[in-house]
Amino acid sequence: MDMIKVIINGKEYSVEKGSTVLEAAKAANIDIPTLCYLKDINEIGACRLCLVEVAEMRGPALGPWRMVTACVYPCTEGMQIKTNTPKITASRKMNLELLLSNHDKKCLSCVRSTNCELQTLCREYGVDQSTFTGTTNHYEIDNKTPIIRDNNKCVLCRRCVATCAKVQGIGVIGANNRGFDTFIGSQFEKALAETSCINCGQCIVSCPVGALYERDDTDKVFEAIADPNKHVFICTAPSVRAQIGECFGYEPGTDTEGKMVAALKRLGFDGVYDMNLTADLTIVEEATELIGRVQNNGVLPMITSCSPGWIKFCEHYFPEFTENLSTCKSPQQMFGAVVKTYYAQKMGWDPKDIFFVSAIPCTAKKFEVGRPDQSAAGVPDVDVAITTREVGRMIQKAGINFRALADEKFDDPFDIGSGAGAIFGATGGVMEAALRYAAEIILGKKLEKVDFPEVRGTEGIKTASYKLGDLTVNVAVASSTGKARELLNKVKNGELDVQFIEIMACPGGCVNGGGQPIQPAKVRMSTDLRAVRAAVLYKDDADETLRKSQDNLAVKKLYDEFFGKPNSHKAHEVLHTSYIKRGLYK
Amino acid sequence: MKSLAELEKIKEKTRGAIVLPDGGNEIRIVVGMATCGIAAGARPVYEALEAGIKENGLGKQVSLIQTGCVGVCQYEPVIEVYQAGKERVTYVKMTAEKAAKVLEQHVKGGKVVEEYTITYAQNGGKAPADGVVHTSLTDTVFCKTQLRQALRNCGLIDPENIDEYIAMDGYKALGKALTEMTPDQVIETVLASGLRGRGGAGFPTGMKWKFASGNRGNVQKYVCCNADEGDPGAFMDRSVLEGDPHAVVEAMAIAGYAIGADQGYVYVRAEYPVAVKRLKIAIEQAKKYGLLGKNIFGTDFSFDLDIRLGAGAFVCGEETALMTSIEGKRGEPRPRPPFPAIKGLFEKPTILNNVETYANIPQIILNGAEWFSSVGTEKSKGTKVFALGGKIKNTGLVEVPMGTTLRHIIEEIGGGIPNGKKFKAAQTGGPSGGCIPASLIDTQIDYDNLIAIGSMMGSGGLIVMDEDTCMVDLARFFLDFTVDESCGKCTPCRVGTRRLLEILDKIISGNGEMEDITRLEELSTYIKSASLCGLGQTAPNPVLSTLRYFRDEYIAHIVDKKCPAGVCKKLIRYEIDPEKCIGCGMCAKNCPASTIVRTDYTAPGHKLASMKIEQANCVKCGACMSSCKFGAISKG
Amino acid sequence: MKKKLTTVAFQGTPEQEKQLLAVIAKHKGEKGSMMPIMQEAQDIYGYLPIEVQTIIARETGVSLEEIYGIATFYSQFKLNPDGKYAISVCLGTACYVKGSGDVLDEISKQLNVPIGSTSPDGKFSVEATRCLGACGLAPVMTINGEVYGSLKKEDVKTILAKYR
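This one's a predicted model, so the numbers in the text were calculated from it and none came from an experiment.

Colleague: Please give an account of the overall build of chain A that cites residues and values.
Modeller: Helix and strand content of chain A: 20 helices and 19 strands. Along the longest, intermediate and shortest principal axes, the C-alpha atoms of chain A span 80 × 55 × 50 Å. Scored against the burial criterion, the 586 residues of chain A give a buried share of 63%. Long-range contacts, defined as pairs at least 24 residues apart, comprise 74% of the intrachain contacts of chain A with a sequence gap of at least 6. For chain A, the centre of its 70 positive side-chain charges and the centre of its 72 negative side-chain charges are spaced 5 Å apart.

Right, dumping it as structure tokens:
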């Protein structure tokens, strides 16, 4: 690795050649304030907060001092950098004042208060009111989908725009109009509901301020808990345990499963269940479906259906692939369906009296609960889906001291999940879990080695080929809809011959979902959230003795007592669904 | 086109039509048909001449040509009559009828129609006092001290006829570069000439080319031309494109050869339909002659040129924004580095120069670097074209050597300030520039001097102002423009310029406080240092330069609540002098606000009681003052 | 710069769509062809309503929002066609105090066209302008350049009748 010498605030450092000033300072443990910068996603030098003073070598002598944007300016050999001069401070203060002069400063109740990058900077620089008066822009809040957009708080950093267009390959929001009237919106100022937005929520987690947030459904949950006639259950998705600690000051990548369960019990749920269980159920159904398609010349490649963002993406952008989608409901929906059919029957409850909550690092799940053909018991399988952030807020609001709680365990009878179910939260996890199942079925014997490392890791597209007896299975895994687009185009053009594809709408899978706790850009700059959170799940898996879905006794029991066998008629009624060819621009 | 010899043949054939051979009786009539000429009515003039020539059977002897702009805007439509061995005759403010008379009396009868000539026009329509009638524009003060290098063919040749361009040594420079010079030699020549970019900050053109010259032949590169002339009051680039489009085409091909690019784009304002049309014709003709396309002049060099139209965004004059726009996106600028020479259009090495810069290139190649650098100042070589406008007698397009004083341009070429008013300041550089006060009228105009006094060359708009101009209002005018044109990408420009404008609004409405001046300065300094692109970085210049030279006017607005120039409506007052008012009531009749009433005072010697303005409802439109025939109403 | 949303009902013909598709086909594979396509589309339709932008989005694969972002960035792209009769009412100070605001409102009401947009049938566009410099005639408006002065709210009906 080529290194160059730079001098930051008078001290010499050796930094990687090609580093930006921002990266060099970061390497020296100095944070330069940013607002529009989001590593690898938005590096456009627009907000101008990261201006620093630099002087570069001009031949043997030092050239003049200039203000440059640290986020995009490359370091050069011998460059002098000053990150905190009075001139720079004055410049940042002025910048913040200008932003505040056109910002809806309802900070007290803002969902991002204390986790707002603008607020943090204002505190650091002692700016609370703008001395500028003048016109301000006023926008209607778009709150017709799970994704809520409040342009009155937007600072036009465009991180959401870059995420939507570049990472997710969707581009339903962008900059409209020009100059002071510029705002982020959709075509012809339509609400997101009228666009082909997939509700992935990646825009939310990229927003530095409170201009984007999810619809808050926590009140509905509190009300249900308070209703004595309701049986209120919550199940937590695999990734939530790897994220929720962050809401309470833990480092990203901390496993707080036990505390999470303990906290949820204290919120008053009648049962706290592990979604890893229905992840296992999904695998059994989905892998059986795959084997069936292979054996009966069904539509291939089959594509996973756990990610509702991906489902809507497929329906809008690749309607020709909807037949390729596994008809399996997602683990969340399966859980609700199982509880409202099998469990209700067993307990002698009216499904109407069950209020089923799903805790999930996902905003698209809020859309999924309202989809057609997701009501196995005649009522919606899931009543409310709440994000990891909402779960965190509920626990805070209820005054539960999360950090002090002792670990507790999930409730009977939905407390067993395999390691295969746990890794659902990371890209490649569903594929690996399915392979652990399919391999055993096809080979007809117990698997010695259950690890399939080829499909692990944060890479956007992964492909692998496995020889299972006489059968060669080619698989592909994509995370982010941008990568999904790339992959599907290859399949469409015949460049890629695969039988099974796993697609997750969010980059890195659910661990990096649109409902995850929001980490500021400076944390995302040095920590790959996808990797550290996924590591929690893979550790869970490695530590488990139960590592294959088919070995999950709770799942076996479900088949024994209710479904009969995988893909049975009953299973189809309860655990499978259908799709809509939505297309674009109708 | 396979060789220089072929080019020479065309030149030989056509040259005689432009520079009329001695002893012949051919007559060449050119009609100024640039946008301004057409708008002033040049088309019927041209048609009248065409019909007249046909009717009179003069077709063999007389050639009728449409040409570009000769530079004397206020005299359009202009026609000029050339005859071998005779002085060129410039007829101004032509009409179809006048043209018919010129044809009859001058072309057929050999007698100049003196009363239509420029000399008469410049003398208020009368014969000059000394009786000497110089019929040619060349002999007027307006032209005498100009040096037309970039504009050399404008107003002389037919811009829609490539042969005429070739007759004036057109495409010879390209031929020379391709067949006699290496690409590096071309760059060295441009570098040695000292040519600097004519569109903005004045970056050395040769340097730009050199930066982009690496790795020739191995990577796709682009040559771009900035013809998105958006400054209010500037039209140099339009004039070149309308009068001499081939110069730009030729120069871009030379630039392509120099850096190793085979594709060029001209980014033109859509508001310039005539320029676009002529440029299109020029490109087609050049393609037909093989001067664009594959293997030009029989060499390995190939070059193609396309036009891209702007769509109404001033910021696209900024180089990275222009490239983003050509790429088919919102024309928002990108941070530099990477510089376009390394990563420009479509992320490939790209050079961008403006029209006037390119117009100088062929002659530099033909005549050498020294020829070019012999004119101008130490650091600013060659000439500069200015669009002279505002409160000045001779408005128009002028080209002078770098280093010419502002006084010379205003007093000599421009003919001074009309109506006996005093020169107050000149504004250069449009919304990016600043003003030059009367005290600095002897400044030699070049890049560095203008920067030193807080203005900039910009593309070359030169607006002259007299004592009736309010400098606060002027700053406000430019700011209003910038706010409208800000792209909205970076915070300082998007929000900061809007706040600047609001402070100025506050001051001109009489609500200013002294702290506002400090605020203006702080904010301006911030916007300059923090903005992403040249638009924001220069947007506060009109504010800072008026504050620098006319601070007292700001103070008058703030402290005395008065606009010394009598411009800012909220701060002016119309008053009727009861002693002068005869009570005719015309003012009251014309008052749109019905706020003028009759008093009960009758001044001595008058029959009717005088009138009075009820100030509360006055809208300060000035209708009363212009309707008063007795000078009884004053503005203060 | 803020653009007013389209108010005129789309009346594109199959012929126009054919032309547009031909334009897009012509530019296929060409780098940076979005601006020329949009400019030529506007030449065909006179403006760029959602129907036209949707065709462009569908055929080029560029997102509709991105195209809308471009359309609202450049001042020459129009979301509303100019009316067959373009009405401009002066809102300069002199006109305003003499009631041009009322006149403007009356026109907007009678034609049922919001200020700054065009009637659904494309016949009238109504806008407010800065001072037209005819303060002596205040309030003033122009219809396709023809000047009407000393207006009263009551005059609006008769004047508009001439154009209906």
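Colleague: Can you lay out the environment of Val223(B) for me, pointing to particular residues and giving the numbers?
Modeller: Residue and element names in this part refer to chain B. With respect to the element layout, Val-223 can be found in strand β5 (residues 222-227). Taking relative accessible area as the criterion, Val-223 reaches 0% and is therefore assigned buried. Taking the C-alpha atoms as reference points, Val-223 and Pro-349, 126 residues apart in sequence, are found 8.8 Å from one another. Excluding residues that lie within four positions of it along the chain, Val-223 makes contacts with Met-252, Ala-255, Gly-256, Ile-259, Ala-261, Gln-263, Gly-264, Tyr-265, Phe-303, Ile-351 and Tyr-358.

Colleague: Please give an account of a nonpolar patch on the surface that cites residues and values.
Modeller: Residues and elements named next belong to chain A. On the surface, a cluster of nonpolar side chains totalling about 410 Å² of accessible area is made up of Val-294, Leu-300, Ile-441, Ile-442, Leu-443 and Leu-471. Sorting elements by how many residues they give to the nonpolar patch places helix α15 (residues 429-443) first, with 3 residues. With respect to the helices and strands, the residue Ile-441 is situated in helix α15. We classify Ile-441 as partly exposed; its relative accessible area is 46%.

Colleague: Outline the interface of chain B and chain A, listing residues and values.
Modeller: Tallying the contact residues gives 30 residues for chain B and 33 residues for chain A. Contact with chain A buries surface across chain B, with Arg494(B), Arg499(B) and Tyr526(B) losing the most and accounting together for 24% of the total. For Glu332(B), the salt bridge is made with Arg158(A), and the minimal N-O distance between the two is 2.7 Å. Where chain B touches chain A, the interface holds 19 residue pairs in polar contact (both at pLDDT 80 or more). Listed by contribution, the elements that provide at least two residues to the side of chain B that touches chain A are α19 (471-485), α20 (491-508) and α21 (514-530) of chain B. With 9 residues, α20(B) is the largest single contributor of residues to the side of chain B that touches chain A.

Colleague: So what's going on with the environment of Glu51(C)? Residues and values would help.
Modeller: Residue and element names in this part refer to chain C. Locating Glu-51 in the fold gives a position in helix α3 (residues 50-60). Glu-51 sits in the partly exposed class, given a relative accessible area of 33%. C-alpha of Glu-51 to C-alpha of Tyr-148: the two residues are 97 residues apart in sequence and 36 Å apart in space.

Colleague: Give me the lowdown on empty space enclosed by the protein, citing residues and values where you can.
Modeller: Evaluated as defined, the whole model comprises 9 cavities of 30 Å³ or more. There is about 260 Å³ of room inside the largest cavity. Forming the boundary of the largest cavity are 25 residues, of which Cys306(A), Ile360(A), Lys365(A), Met504(A) and Cys510(A) lie nearest the centre. Counting residues per element, the ones that place at least two in the lining of the largest cavity are α10 (308-317), α11 (331-347) and α12 (364-368) of chain A. Of the residues contributing to the lining of the largest cavity, the split by class is 17 nonpolar, 7 polar and 1 charged. Estimated volume of the second largest cavity: approximately 170 Å³. Lining the second largest cavity are 15 residues, and of these Asn102(A), Asn137(A), Asn151(A), Cys154(A) and Leu156(A) sit closest to its centre. Of all the elements in the fold, those that place two or more residues in the lining of the second largest cavity are β10 (183-185) of chain A together with α20 of chain B. For the lining of the second largest cavity, the residue count by class is 9 nonpolar, 5 polar and 1 charged.

Colleague: An account of the sheet that holds strand β3 (residues 79-83) of chain B is requested, with residue identities and associated values reported.
Modeller: Residues and elements named next belong to chain B. Strand order in the open sheet made by the 4 strands is β2-β1-β3-β4, with mixed pairing throughout. Both outer strands of the open sheet, β2 (62-67) and β4 (89-91), are each paired with one neighbouring strand and no more. Pairs of neighbouring strands in the sheet enclose a mean axial angle of 20°, with direction left out of account. Two elements, strand β1 (residues 27-32) and β2, share 6 bridges in a ladder whose sense is parallel. Residue pairing for β2: Val-31 is matched across the bridge by Gln-66. Sitting on the sheet, helix α3 (residues 42-55) is in contact with β1, β2 and β3, with an inclination near 165° to β2.

Cut-offs applied
- Residues numbered from 1 in each chain as written.
- Chains lettered and ligands numbered in written order.
- Predicted model: local features only at pLDDT ≥ 70, side-chain atom pairs only at ≥ 80, totals over all residues.
- Heavy atoms only, no water.
- Helix = DSSP H or I, 4+ residues; strand = E, 2+ residues; numbered from the N terminus.
- Buried < 20%, exposed > 50% of the residue type's maximum accessible area, 1.4 Å probe, protein only.
- Contact = heavy atoms within 4.5 Å.
- Lys, Arg positive; Asp, Glu negative; His and termini not counted.
- Charge placed at Lys NZ, Arg CZ, Asp CG, Glu CD.
- Patch = residues over 30% accessible without salt bridge, like charges linked within 9 Å, V, L, I, M, F, W, Y side chains within 5 Å.
- Areas by Shrake-Rupley, 256 points an atom, 1.4 Å probe, with all protein chains shown as cover.
- Salt bridge = Lys/Arg side-chain N within 4 Å of Asp/Glu carboxyl O.
- Buried area = accessible area lost by both parts, 1.4 Å probe.
- Polar contact = N/O pair within 3.5 Å; in protein donor to acceptor, adjacent residues only side chain to side chain.
- 1 Å grid on protein atoms, 1.4 Å probe; cavity = no way out; pocket = protein on both sides within 12 Å on 5 of 7 lines; lining within 4 Å.
- Points joined across faces, edges and corners; volume = space filled by probe spheres on them.
- Nonpolar A, V, L, I, M, F, W, Y, C, P; charged D, E, K, R; others polar.
- Pairing = 2+ DSSP bridges.
- Axes fitted to C-alpha atoms, helices over the stretch in contact; angles between N-to-C directions.

Take it as geometry only, folks, not as evidence of what the structure does.
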